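# Structure at a glance
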Amino acid sequence: MIPVIAIDGPAGAGKSTIAKLLAKRLGLQYLDTGAMYRAVALAVKEASISPEDEAKIERLLPTLTIDLDGERVFLNGRDVSHLIRTPEIDLLASAVSRLGAVRRYLTQLQREFASKKGVVAEGRDMGTVVFPDSPYKFFLTATPEERAKRRKKQLEMQGENVLYETILKQIKKRDKQDSDRAIAPLRQAEDAQLIDTTGKTIDEILDEIIRRIKSGQEK
Ligand code: DC
C-alpha cells in the first residue's frame, strides 16, 4: 500500500515545517494542499473573477494546470511559489476553499498525486475527506497567539513587516472561515492524533510524530 501521512490543523500550527521535514526523513513526497487552494485563488484573482462567483470559477478550473514540485508551485507552467504567499491570497484562498466545485477539483488532484508515490499530505481535510483511510493522521494545533507570532516571524523573513495585532485578527478570521464552512470544514478526524505544538520545538514535534508512526500507535 502506498503510504499517506495526513497532517491537518489551522493556519500557523506548524504543519508546513513539520510536513516538509517529515517527508524528507521518511523519503516521501511533500503534498502541500494549501498551496493548491492558493494557486486557484491566484488564478481567480488574475482572471478578475469574484470569489463568490462559483459558476465562473467552475468554468475556470478545467483550464488550469497546477503542479507541485517539492515546495515549488506552478500555475499553468509558471512558478508562482512566491506570488501565492501574500496576506491577500491568504484570505482569497480561504474564500475559494468554501466552494464545492473547487474542493471537488482539488480533492481529485490530491488523490492523483498520492496515487504514484507515498506522501506527507498537509491541509485541513486530509484525514477527514481526502485520505480518510490513512492510518496515520495527525491534527496539529497551537494557540492563536503563538500562531500569530510564528506567522509574523515568517513574514519578517520575507522582508514584510505586518503588525502582530493585524496578523492575530486575520488568523482568527481565517480559523472561523475554515471551521464554519459547510463543505469539508477544518476539524480533527475522529481517529487523528492531536498534537499541541505550543511551546514545543520543531524537533520535539517531529520526534513525537515519528515515534507515534513507528510504534504503530494508530489511534
Ligand atoms: O495551509 P494554507 O494556509 O496554505 O491554506 C490556504 C487556505 O486553503 C486555507 O485558508 C484553507 C484552505 N485549505 C483548505 O480548505 N483545505 C486544505 N486541504 C488546505 C487548505
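These numbers come from a predicted model, not from an experiment.

With that settled, the discussion passes to the overall build of the chain. A tally of helices and strands in the chain yields 9 helices and 8 strands. Overall size of the chain, expressed as C-alpha extent along the three principal axes, is 50 × 40 × 30 Å. By sequence separation, contacts in the chain at least 24 residues apart represent 76% of the contacts at least 6 residues apart. Counting only carbon and sulfur atoms, one obtains 53% of the accessible surface of the chain, whose full area is about 10,800 Å². Across the chain, the 37 positively charged side chains and the 33 negatively charged ones have centroids separated by 1 Å.

Our next topic: the pairing of strand β4 (residues 72-75). Of the strand pairs in this sheet, strand β3 (residues 66-69) and β4 are connected by 4 bridges, and their pairing is antiparallel. Each bridged residue has a counterpart across the sheet, and for Ile66 the counterpart in β4 is Leu75. Joining the antiparallel neighbours β3 and β4 is a turn of 2 residues, in which Gly70 adopts a positive phi near 60 degrees. As defined by bridge partners, β4 adjoins strand β5 (residues 78-79) across 2 bridges and the pair is classed as antiparallel. Paired with Phe74 across the strands is Asp79, a residue of β5. Count of turn residues in the β4/β5 antiparallel hairpin: 2 residues, of which Asn76 carries a positive phi of about 50 degrees.

Let us look at the sheet that holds β3. Spatial strand order, β3-β4-β5: 3 strands in an open sheet with antiparallel pairing. Two strands lie at the open edges of the sheet, namely β3 and β5, each paired on one side alone. Across the face of the sheet, helix α2 (residues 33-46) comes into contact with β3, β4 and β5 while running at roughly 35 degrees to β4.

Pairing is parallel across the open sheet formed by 5 strands, whose spatial order is β2-β6-β1-β7-β8. With one partner strand each, in any of the chains shown, β2 (29-32) and β8 (193-196) form the two edges of the open sheet. Geometrically, the sheet is characterised by an average inter-axis angle of 20 degrees between neighbouring strands, direction not taken into account. Two strands pair when backbone bridges link them, and strand β1 (residues 4-8) and strand β7 (residues 136-141) are joined in this way by 4 bridges, in the parallel orientation. Each residue of the ladder has a partner; that of Ile7, found in β7, is Phe138. Sheet strands touched by helix α5 (residues 100-116): β1, β2 and β6 (119-123). Its angle to β2, the strand with the most contacts, is close to 175 degrees.

As a packed pair, α2 and helix α4 (residues 87-96) sit with axes 8 Å apart at the nearest point and diverge in direction by 100 degrees. Relative to α4, α2 is oriented roughly perpendicular. For the pair formed by α2 and α4, the contact residues are Tyr37, Arg38, Val40, Ala41, Leu42, Val44 and Lys45 on the first element and Glu88, Ile89, Asp90, Leu92, Ala93 and Val96 on the second. A class-by-class count of the residues in the contact of α2 with α4 yields 9 nonpolar, no polar and 4 charged.

Quick notes on the rules
Residues numbered from 1 in each chain as written. Predicted model: local features only at pLDDT ≥ 70, side-chain atom pairs only at ≥ 80, totals over all residues. Heavy atoms only, no water. Helix = DSSP H or I, 4+ residues; strand = E, 2+ residues; numbered from the N terminus. Contact = heavy atoms within 4.5 Å. Areas by Shrake-Rupley, 256 points an atom, 1.4 Å probe, with all protein chains shown as cover. Lys, Arg positive; Asp, Glu negative; His and termini not counted. Charge placed at Lys NZ, Arg CZ, Asp CG, Glu CD. Pairing = 2+ DSSP bridges. Axes fitted to C-alpha atoms, helices over the stretch in contact; angles between N-to-C directions. Parallel < 35°, antiparallel > 145°, perpendicular 65-115°, else oblique. Nonpolar A, V, L, I, M, F, W, Y, C, P; charged D, E, K, R; others polar.

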